[in-house]
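Architecture at a glance
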There are 2 protein chains.
Amino acid sequence: MAEARDGTVGKALDVLDRVAAAGGPVRFSDLLEDGPYPKATLYRLLQTLTSQGMLSHDAELGTYTLGVRLVRLAHKAWSQASLAPVAHEWLDRLSRETGEAVHLAQLDGAQVLYVDKVNTALRVDMFSATGRVGPSYCTGLGKAMLAFLPDAELDQALGQQSYHRFTDATLTTPEALRAELAHIREAGVAYDREEHEPGIICIATPILSRGGRILGGLSITSTTARRSLDDLSQLAPLLLDTRAKIESDIHAWRFPEDGPRLRTVPT
Amino acid sequence: MAEARDGTVGKALDVLDRVAAAGGPVRFSDLLEDGPYPKATLYRLLQTLTSQGMLSHDAELGTYTLGVRLVRLAHKAWSQASLAPVAHEWLDRLSRETGEAVHLAQLDGAQVLYVDKVNTALRVDMFSATGRVGPSYCTGLGKAMLAFLPDAELDQALGQQSYHRFTDATLTTPEALRAELAHIREAGVAYDREEHEPGIICIATPILSRGGRILGGLSITSTTARRSLDDLSQLAPLLLDTRAKIESDIHAWRFPEDGPRLRTVPT
DNA sequence: AACAAGGTTTCAAATAATGGAACCGTTTTC
DNA sequence: GAAAACGGTTCCATTATTTGAAACCTTGTT
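Structural notes, computed from the coordinates. What you see is a predicted model, and the numbers here were worked out from it, not measured in a lab.

**Description of the interface of chain B and chain A**
Each side of the interface is counted separately: chain B has 64 residues, and chain A has 64 residues. When chain B packs against chain A, close to 6300 Å² is buried across both sides, 59% of that on carbon and sulfur atoms. The tally of links from chain B across to chain A stands at eight salt bridges. Its salt-bridge partner being A:Arg213, residue B:Asp58 comes within 3.9 Å of it at the nearest N-O pair. Between the two partners, chain B and chain A, sit eight residue pairs in polar contact (both at pLDDT 80 or more). Secondary-structure elements contributing two or more residues to the side of chain B that touches chain A are helix H1 (7–22), helix H2 (28–34), helix H3 (39–51), helix H4 (68–80), helix H5 (84–98), strand E4 (101–108), helix H6 (126–129) and helix H11 (236–254) of chain B. Considered class by class, the residues forming the side of chain B that touches chain A number 27 nonpolar, 17 polar and 20 charged.

Right under this line is the structure:
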C-alpha cells in the first residue's frame, strides 16, 4: 500500500483505499494495526470521512464500510467520462456483430481498469465488471495500451508489474513483454493467448486521442472452446473499425463545434 | 451547494462534488467563480486531487473531470455493501416473476440513491441506473424509506425536499407528505401514483435491519399502459416476500456464524 | 473487584493550509 | 505592435489545522 504524500487529503484518501482493500467491513483496530497512522489521527480521519459520507459506520458492529457517496460520485464519473459513455453504443454493436463479449478499459496507473463490458448472450452484470481491475502485462487490453504508452510512463508501468505466471503462456519478464509490445505497436492489435486464464483468449486494440495520447482500449474476448486465435484475428477489421468510430466520436465530443462551453446552472 | 465543514478533507471532497455537479469537463476558472475558494487554495486542492487520481486533468484542454480512482472505489463500495450484492439475486427473481423492472435504493441524505436495477425485458443498463439519485418526496421508494425514518432524521429530510410539482399527483407540502407517510407506515408499502413522472407507477417497501434501522428500499415499477394501481397492489405479497428474503440474508451476512472476522492478507 | 481491550478526548507542539500578491505565458484589444 | 486582460502558477509570512502521546472512558473479561 503506497504511503500518502499529499498532506491530509492524501492520508484521508489512503484510509479510504485501506477500507476498500479490506474487502469488507473493518474495525477501527484493524485499520490501526495495518496502517501507519496513530490512534488519534486515524480516529479523526475516519470521523471526517464518515461525516462526509465517503465511509459509513455501523454503530452496532463498530465497523466501517465504503459509503454511498462514492457510488454517486462514480456514477457521475462514468457518465461524464469522455470514453465510456461515448463508446457504449459501439461496444453494443460490436458485441452483436461478433456474438462475443466486448470490453472497454482504461489504464489506471500500471493496471487495467475495466470501464464497460457488453455481452449479448449472457445476462449483463455490469457493475461487477465495471470498476474491476486486472494486470496489464498479461491481458490483451493491458498489452495493447502499454504498447502505445510514452517511454517514460512505460518504464514506470513495466516496473510495477508483478509478472506472476498465471499460465504457461504468461510473459514473465519485462524483456519478453517489451519484445511483444514492439510487435503490437506494429500490428496495431494485441492478443491474449491464454496468458491470464486458461481457455480465455482475446484480441485488443488501443484507443488513442488525436494527439496520440492513449485514452483506453477495446477488446473482443472469446474462449478456446468457441474460437481459435486465427478465428479471432479475422475479427480485427471489425475491431479496428469500431475503434475508429469511437475515436471519431470522442474527438467530436471533446471539441463540440468549437463553441464556448455550456455552463450548467445549479437548480 | 453545502459548504465544507470538515477541514481540508471536507474542502477537497466539496471540490470533487463541484466537479461532479458541473456535468462535464470544467476549467479552473469555472470552479474559481462558482466556489468560495481563493485561487491558490483551489489550485492546490485540484493538484492534490489530480495527483491522487480522484480527478483527471486534460492538459490539452485545461479541463478537469472526475478520475478513474472513483470508479475503482465505487466498484468496491458496491460489491462490499451489505445490501446491494446480497439483494441482487432476489431482485432478479422478483423481476422475472413479475415481468417488471425492480429497483433497489438507499437513502443518501434526503435523496434516493438507486443502487441496483433489474429489468428482464429490456437491455440492462446498469451503471446508468446505479448511482443515480432522485427525489424522495415523490417516489415510491423515497416515501417507503422516509416513512420508517426516526423522527429527528425525518424532520431533517423533510426540510430538505424541493417539493417541486412534477405532475398533478405530486405531494407538494410537508404536511401532505407526513399524512401519506403515516398511511405507508401502517400499510407497509408505498405507492407512486404518477407523482414523479406521468404514466409511471410503482409499489415499494422499505428494507429494515433487525434493529429497525432503515437499510434501503425495494420497488416494482410499471406503467399505467401496462398495469393499474390495483393491479400493482396484487404484487404486494411477492414484494414483501422478497423483502423478507433480503432482510434474512442480510442478517446472516452481517453476523456470519458469529465467528471471528476473516482478515484478508495483502498479496 | 481488578483488568484488559477497544474507542474517545485532551492539549501543547509541529505542521500544513491559507490567500494576497506577484509572476508568467497567451490571447485580445486598441 | 504596444498594452492590457486573461488564465493559470508560484511565493511566503501568517494563521489555523493537524498531530500524537497520554489520559480517559466504557464495556466486556478474568
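**Topic: the packing of aromatic side chains**
In this description, an aromatic ring pair is defined by two values, namely the gap between the centres and the angle between the planes. Residue and element names in this part refer to chain A. In the structure shown here, the tally under the stated rule is four aromatic pairs over all chains. Here Phe 28 and Tyr 43 contribute two aromatic rings whose centre-to-centre distance is 6.2 Å and whose plane-to-plane angle is 75°, an arrangement assigned as edge-to-face. Of the two residues, Phe 28 sits in helix H2 (residues 28–34) while Tyr 43 sits in helix H3 (residues 39–51), which places them 15 residues apart along the sequence. Residue classification places Tyr 43 among the partly exposed residues on the basis of a relative accessible area of 41%. When the ring of Tyr 137 is compared with that of Tyr 163, the centres are 5.3 Å apart and the planes differ by 50°; the resulting orientation is tilted. One end of the pair, Tyr 137, is in the loop between strand E6 (133–135) and helix H7 (140–146); the other, Tyr 163, is in the loop between helix H8 (151–159) and helix H9 (174–187), and 26 residues separate them in sequence.

**Topic: the protein's contact with DNA strand C**
Lining the immediate environment of DNA strand C, one finds 14 residues, of which A:Lys39, A:Tyr43, B:Lys11, B:Pro38 and B:Arg44 sit closest. Close to the protein, within 4 Å, the atoms of DNA strand C are drawn from sugar and phosphate at a rate of 58%. Contacts to DNA strand C include A:Thr8, whose backbone N or O atom sits 3.4 Å from a phosphate oxygen. Within the residue set of the surface near DNA strand C, elements represented by two or more residues are helix H1 (7–22), H2 and H3 of chain A together with H1 and H3 of chain B. Among the residues forming the surface near DNA strand C, the class breakdown is five nonpolar, five polar and four charged.

**Here's the deal with the protein's contact with DNA strand D**
Close to DNA strand D lie 13 residues; A:Lys11, A:Arg44, B:Ser29, B:Lys39 and B:Tyr43 are nearest. Close to the protein, within 4 Å, the atoms of DNA strand D are drawn from sugar and phosphate at a rate of 60%. Looking at the surface near DNA strand D residue by residue, the classes come out as five nonpolar, five polar and three charged.

What counts as what
- Here the residue numbering is sequential within each chain, running from 1 through the sequence in written order.
- Chains carry letters and ligands carry numbers; both start at the beginning, A for chains and 1 for ligands, and go up in the order they are written.
- Reporting in this predicted model follows two pLDDT cut-offs: at least 70 for local features of residues, and 80 or more for side-chain atom pairs to be given and counted; totals over whole chains, interfaces and linings ignore these cut-offs and use all residues.
- Each side-chain value is worked out from all heavy atoms of the structure, with water and hydrogens disregarded.
- By the convention used here, residues are in contact when the closest approach between their heavy atoms is within 4.5 Å.
- Accessible area that two parts lose when put together, evaluated with a 1.4 Å probe and summed over both, is termed the buried area.
- Here, a salt bridge means any Lys or Arg side-chain nitrogen found within 4 Å of an Asp or Glu carboxyl oxygen.
- Throughout this description, a polar contact denotes any pair of N or O atoms lying within 3.5 Å of each other; where both atoms belong to protein, one of them has to be capable of donating a hydrogen while the other can accept it, and for residues adjacent in sequence the pair is counted only when both atoms sit in side chains.
- A run of H or I in DSSP becomes a helix once it reaches four residues, and a run of E becomes a strand once it reaches two; helices and strands are each numbered from the N terminus.
- Under this grouping Gly is polar, as are all residues other than the nonpolar Ala, Val, Leu, Ile, Met, Phe, Trp, Tyr, Cys and Pro and the charged Asp, Glu, Lys and Arg.
- Any two of the Phe, Tyr and Trp rings considered here, Trp counted by its six-membered ring, make a pair once their centres fall within 6.5 Å; the pair's planes then place it as stacked at under 30 degrees, edge-to-face at over 60, or tilted in between.
- Remark: exposure states derive from per-residue accessible area (1.4 Å probe, protein chains only) relative to the maximum for the residue type, with buried under 20%, exposed over 50%, and partly exposed in between.
- We call a residue near a molecule or strand when any one of its heavy atoms sits within 4 Å of it.

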